[in-house]
Amino acid sequence: MTGIIPKDYTPYTIGSANSQPVDFQKEKEKVLAAASRTDKTVQEKTDLIQQTILNEVLDLKKRINTPSGEEHPTLTRIGEILDLNDFSPAYSRNILDRLKKEFPLEILNDYDQVQEQVVEWIGESIAIFKPDPPKKQPRIMILVGPTGVGKTTTIAKLAAVFRLGNKECRPFSVRMITIDYYRIGAKLQVETYGDIMQIPVSCVDNYGDLKKTIALYSEDVDLILVDTIGKNPRDSVEIAKMKQLLSGCGPTAEVHLAVAATTKYSDMREIFQQFEPFNYRSVIITKLDETIRVGNVLSALADKGKFISYITDGQHVPDDMHKAGVIPFLINLEEFKINRDRIEKRFSHVE
Ligand SMILES: Nc1nc2c(ncn2[C@@H]2O[C@H](COP(=O)(O)OP(=O)(O)OP(=O)(O)O)[C@@H](O)[C@H]2O)c(=O)[nH]1
Ligand SMILES: [Mg+2]
C-alpha cells in the first residue's frame, strides 16, 4: 500500500470494526416468519420467502460494498484523482462502478494495484486514428473547428512535417488551400507559412473554385491541406454553408476537427456534436501546453467515440505537433503513479 492510504486504515471485512456484523440468526427468523403466515397460499408464501431472501442478499451485498454506509478509501481516492484530472462525472462513475463490480475487497485494499488498473482502463478508452493506406490520388486533409483553436498553425505544421518526410514516410509534395479568404490577415497568415516553407498556397471562396483547384493539384501532388474559417459551433447555418462549400473537395477528402485542450468538457461535447455534419474522421487536440489536465479531453473523446490523430503543444512550426499516442496521455496524468513498463507493454502497439 502507498502513503495515499491513511495510516490508521483497516481493511474492510464482514463483521470488522468498520462494518455492522451480520446477524444470521435474525436473518433466518425473518425468513421463517414469512413462511409461517397462515393467511397466505403456498404460492404466495413461496414468493414471499423468495422476495425476503432476495432483499436480504441485496442488503448484504450493499453492506459489504459500503460498510457503515461509507465508500472504500481506495474508491474515494481514485474518485478524487479522477476529479483532479478533470474527468467528467460520468466517466469517473463508470470507472468506480467497474471497480466495485470487478474487484473483490482484497484487491480494493491494494491501492497500487487498483490505480494501475485504472490507468490501463483510461488508456483503453483512448482511440488513436489510423489513416487509410495511401491511394493513388492525393490525400486531402481538411481542418475544421471553432475560432482561434490553432487550425492554420496546425495546417502549417502538417505541411512542414509531410514536406520534410521522416523515417516512416517519404517527403511529400504538398499544397495548401485556404477558404479563409476575406478575413484581414488570415490569407496573409497562410501565405507567409507557404513562402517560408516554399509550399504553394491557393485562396478560394466558393465551391466551383475549390473543385477546380483540387482537380488542378490532383495531377501531381501527394497531399492537399485545406484550412478553413473558424466557426462558432452554435451557428448551424454557417456550418451547413461551409459543409456545402467543402464538398468541392470530393468524397475522399478527410475532415479533421481541431479543438483546444483548454475547452471545458461540456463545450467540447457540444463542439463534437455541432461539427458532426462534416463527418470528421479524427480530432486534433491543440494547445496541450496550456493545461496540465486532460480528463476533459479524454472524457469527451470517449463519450462520443472519437479518434484522436494529432496533438499540438506550442506555437512553433513544425516542432510543436506530434502524432497522438496513448502513452503520453497516461504519463501526464496527475497523481497517478505510472508503471511505465506495464503501460508500454500494453499500449506501445497502438502508437
Ligand atoms: N500555446 C499554443 N498556442 C497555439 C497552438 N497552436 C496554435 N497556437 C496559437 O493560437 C493562436 C491562434 O492560432 P491560429 O492557427 O491562427 O488559429 P485558427 O484556428 O486558425 O484561428 P481562426 O482562423 O481565427 O479560427 C496563434 O497565436 C497560435 O500561435 C498550440 O499548440 N499551443
Ligand atoms: Mg485560421
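Rules and cut-offs
- Residues numbered from 1 in each chain as written.
- Chains lettered and ligands numbered in written order.
- Predicted model: local features only at pLDDT ≥ 70, side-chain atom pairs only at ≥ 80, totals over all residues.
- Helix = DSSP H or I, 4+ residues; strand = E, 2+ residues; numbered from the N terminus.
- Buried ≥ 20, exposed ≤ 12 C-beta atoms within 10 Å, placed from the backbone.
- Contact = placed C-beta atoms within 7 Å.
- Near = placed C-beta within 6 Å.
- Nonpolar A, V, L, I, M, F, W, Y, C, P; charged D, E, K, R; others polar.
- Pairing = 2+ DSSP bridges.
- Core = buried A, V, L, I, M, F, W, Y, C linked by C-beta atoms within 7 Å.
- Domains from an automatic or database assignment.
- Right-handed = clockwise from strand over helix to strand, strands pointing away.
- Axes fitted to C-alpha atoms, helices over the stretch in contact; angles between N-to-C directions.
- Parallel < 35°, antiparallel > 145°, perpendicular 65-115°, else oblique.
- Left-handed = near helix turned anticlockwise from the far one by under 90°.
- Arc of directions from axis to C-beta.

Undergrad: I keep staring at the overall build of the protein and nothing clicks. Help me out?
TA: Looking only at helices and strands, the protein features 14 helices and nine strands. Among the 351 residues that make up the protein, the fraction classed as buried is 31%. A sequence separation of at least 24 residues applies to 75% of the contacts in the protein between residues at least 6 apart.

Undergrad: How should I be thinking about the site of ligand 1 in this particular structure?
TA: In the vicinity of ligand 1, 19 residues are found, and the nearest of them are Gly150, Thr152, Thr153, Gly230 and Thr312. Looking at the shell around ligand 1 element by element, the count peaks at three residues for helix α7 (residues 151-164). A per-class count over the shell around ligand 1 returns two nonpolar, 10 polar and seven charged.

Undergrad: Please clarify how unusual backbone geometry should be interpreted in this entry.
TA: What is expected of a backbone is that most residues other than glycine have negative phi and most peptide bonds are trans. A cis amide bond links valine 317 to the next residue, proline 318, at an omega of 0°. With respect to the element layout, proline 318 can be found in the loop between β8 (307-312) and β9 (321-323). The backbone of glutamate 335 shows a phi angle near 70°, a positive value even though the residue is not glycine. For glutamate 335, the position within the fold is in the loop between α13 (326-331) and α14 (340-347).

Undergrad: Looking at this structure, how should I read the pairing of strand β7 (residues 282-286)?
TA: Note on strand geometry: in a regular strand, side chains alternate between the two faces of the sheet. In terms of burial, β7 is largely enclosed, as five of its five residues are buried. The two faces of β7 match: Ser282, Ile284 and Thr286 on one face and Val283 and Ile285 on the other face are all buried. Where strand β6 (residues 254-260) and β7 come together, five bridges link them in parallel fashion. The partner of alanine 258 across the bridge, within β7, is isoleucine 284.

Undergrad: Would you mind going over the environment of serine 202 with me for this structure?
TA: Relative to the helices and strands, serine 202 is located in strand β4 (residues 201-203). If we ignore the near neighbours within four places in the chain, the residues touching serine 202 are Ile177 and Thr213.

Undergrad: Explanation requested: the nonpolar core in the structure shown.
TA: Note that soluble globular proteins tend to have their nonpolar side chains buried in a common cluster. With 73 residues, the main nonpolar core has Ile142, Ala159, Leu225, Val226, Val259 and Ile285 as its most contacted residues. A per-element tally of this core places α7 first, with six residues. Residue-level mapping places this core at the junction of two domains, with at least three residues from each of domain 1 (24-124) and domain 2 (129-330). Look past the residues within four positions of alanine 159 in its chain and what remains in contact with it is Val174, Met176, Tyr193, Met197, Ile199 and Leu225.

Undergrad: How do you make sense of the pairing of β6 when you look at a structure like this?
TA: Among the seven residues of β6, six are classified as buried, and the element is accordingly described as predominantly covered. In the sheet, strand β2 (residues 139-144) pairs with β6 via four bridges, with the strands oriented parallel. Note on β6: the bridge partner recorded for methionine 141 is glutamate 254. Handedness of the crossover is the feature at issue here: the chain leaves β6, passes through helix α11 (residues 265-274), returns alongside β7, and the resulting connection is right-handed.

Undergrad: I keep staring at the packing of helix α3 (residues 73-84) against helix α4 (residues 89-102) and nothing clicks. Help me out?
TA: The relative placement of two packed helices comes down to the angle between their axes together with the axis-to-axis distance. For the pair α3 and α4, interaxial distance at closest approach is 10 Å and the crossing angle is 160°. If you check the angle between α3 and α4, you find them roughly antiparallel. At the point where α3 passes α4, the crossing takes the right-handed sense. Judged by residue contacts, Leu75, Ile78, Gly79, Leu82 and Asp83 of α3 engage Ser92, Ile95, Leu96 and Leu99 from α4. Here the residues of the contact of α3 with α4 sort into six nonpolar, two polar and one charged.

Undergrad: Help me understand helix α10 (residues 236-246) in this model?
TA: Where α10 is concerned, the buried positions are Met242, Leu245 and Leu246. Within α10, the buried residues cover an arc of 95° as seen down the axis, which keeps them to one side. In α10, those exposed residues whose orientation departs by more than 90 degrees from the buried face are Ser236, Val237, Ala240, Lys241 and Gln244.

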